[in-house]
Amino acid sequence: MNVFRLRLMAHFLGFGGYVPEQIMTNADWAQLVDTSDEWITQRTGIKQRRFAAPDESTLTLAANASRVTLSDAGLDARDIDEIIVATDTPELYTPDTSALLQEELGCRNIPTYDLGGSGCAGFVQALDVARARIAFEPRKILIVGVELISRMMDWKDRATAVLFGDGAGAVVLGPEGSRARLLDVVSGTEGRYADILTLASGGTRNPFNELTLASGDYNRIVMDGRRVFIEAVRRMSEASAQVLDKIGKKVADVAMVIPHQANLRIIEAVGKKLGLSDDQMYVNVHEYGNTGSATVPFALHEAVQKGLIAKGDLVLLTAFGAGFHWSAAAVQF
Ligand code: ACO
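Description of the structure in this document. In every chain, residue numbers begin from 1 and rise along the written sequence. Thresholds applied to this predicted model are a pLDDT of at least 70 for local features of residues and 80 or more for the giving and counting of side-chain atom pairs; totals over whole chains, interfaces and linings are not thresholded and use all residues. Calculation of side-chain values draws on the structure's entire complement of heavy atoms; hydrogens and water are dropped beforehand.

**What about the site of the ligand?**
- By nearness alone, 24 residues border the ligand, and T35, R226, H260, N263 and N290 come closest of all.
- Within the side chain of R43, one N or O atom sits 2.8 Å away from an oxygen atom of the ligand.
- Between N or O atoms, a polar contact is any pair within 3.5 Å; within protein, one atom must be a potential hydrogen donor and the other a potential acceptor, and residues adjacent in sequence are included only when both atoms are from side chains. The side chain of N290 places a nitrogen or oxygen atom 2.7 Å from an oxygen atom of the ligand.
- Only runs of H or I of at least four residues qualify as helices and only runs of E of at least two qualify as strands under DSSP, and these elements are numbered from the N terminus. Of all elements in the fold, only α2 (37–44), α6 (158–161), α8 (225–246), α9 (264–274) and β12 (314–321) reach the threshold of two or more residues within the shell around the ligand.
- Tallying contributions element by element places α8 first for the shell around the ligand, with four residues.
- Following the grouping adopted for this structure description, the nonpolar residues are Ala, Val, Leu, Ile, Met, Phe, Trp, Tyr, Cys and Pro, the charged ones are Asp, Glu, Lys and Arg, and the polar ones are all others, Gly among them. Partitioned by chemical class, the residues of the shell around the ligand number twelve nonpolar, seven polar and five charged.
- Domain start and stop points were drawn from an automatic or database domain assignment. There are two domains that each give the shell around the ligand at least three residues, and those are domain 1 (11–180) and domain 2 (183–332). Proximity criterion: a residue is near a molecule or strand once any of its heavy atoms comes within 4 Å of it.

**What about unusual backbone geometry?**
- In this chain, T94 is followed by P95 through a cis amide linkage whose omega measures 5°.
- Turning to its location among the elements, P95 is positioned in the loop between β4 (82–87) and α4 (97–105).
- In this structure, the amide linkage connecting G323 to the following residue, F324, adopts the cis form with an omega of 0°.
- Its location among the elements puts F324 in the loop between β12 and β13 (325–332).

By themselves, these figures tell us nothing about what the structure is for.
The structure is reproduced here in C-alpha cells:
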C-alpha cells in the first residue's frame, strides 16, 4: 500500500492579522528624503504604510496577530501543538521569535521555530513545511508572518525605505476543518541570485562592529530593483502555474490570487502572465506597503474578513523573497 496516499491534508482553522496604528504617507516620506507621492505611486502603487510605535516590537505584532487568529479559530493558546514564525526582522538575534511567542501566548512546551532570512517568501514556505508536519502526525500549527522593518532599515535610502511597512498576519493549520483546505504547495530557491536582494552585514562574513557602523553598512538593504522585479514576476507566475498543474486545475478554475504585496506593477504583471483579470489579483499594497513575510497572511485575513472569498473558491497564495526564494500554494475554500 502507498502510505503517501493516506497522508492527512492540512486545513485552515483560523485567519488573523495586525498592523500598527501609526500611518506614514508618501507625503510624510517626501519630508524626509528626496522623493514624491507621484514617484512612489507610479513605481509601486504604495500610498501609505503603517509603522510600529516605540513600545511595539516584532513579538508584540506577532502576538497581536496570533490572538486574533486563535480567536477566529475558536482555539486557546494551549490547543496549539507547534509554532512557526516567518520573519527577517526578529525580536532578538537569538533566541528566535517563536520561543518568545510561545511564552507570550501561554502555549504548552511545544516545538517552535523561526523560518528566517527568506524575506517575503517565508510565510508561504512555512505553509509548505507545516503541511508536511501535519501529514506525518496530526497537530495544530500556528504560522505567523511578521516584520517590523521600519526599525531595521536605512531611513536615508529613498530607493528602499519608501517600499516597506510593519505588520503581521497568521493562520492556524490543522488536520481537520471545514473552512479551507491546503491542497498543495510548490517552493523553490535559486541561491545564485542571493546578491540581488540582501542585507549583508550582521552575519559572520561581515559581523556588526564599529567598522560596519562607521561605514553605514549595518542596515543597508542592497537591492537590484529591476532584477528583483523580473525574477519576482517570473517565479510567482511559474510557481502558480505549477501548483495548479499539480492539483489538476486550470487558471480558469481560480477565483482569486493573493500575491506578495511588494509592488502593484509586479502584481499586475503576474496577473497578466497567468491570464487573470486585475480584480482577481488581491491588492492592499497601497494601504500597507511591503510588510515582508506578513503580506500574504495579512491579505488573506483581510480578504476573508471582507467576505471576498466564497465557499467553493480556489485561491492561490504566492510569494517571492530574498534568496531568491519563491512559493505558491493552492487553497480550496
Ligand atoms: N523617489 C524618487 N526617486 C527615486 C526613489 C524614490 N523613492 N528611489 C529611486 N529613485 C530614483 C533613482 O535614484 C533613479 O534616479 P536616476 O535615474 O537619476 O539614477 C530613478 O529613480 C530610477 O531608479 P530605478 O531604480 O531605475 O527605478 P525603477 O523604475 O526600476 O523603480 C523600483 C524602482 C520601484 C524599486 C522597481 O525597480 C521595483 O519595483 N523593483 C522591484 C523591487 C521590489 O519590489 N522589492 C521589494 C522588496 S523585496 C521583497 O519584497 C522580497
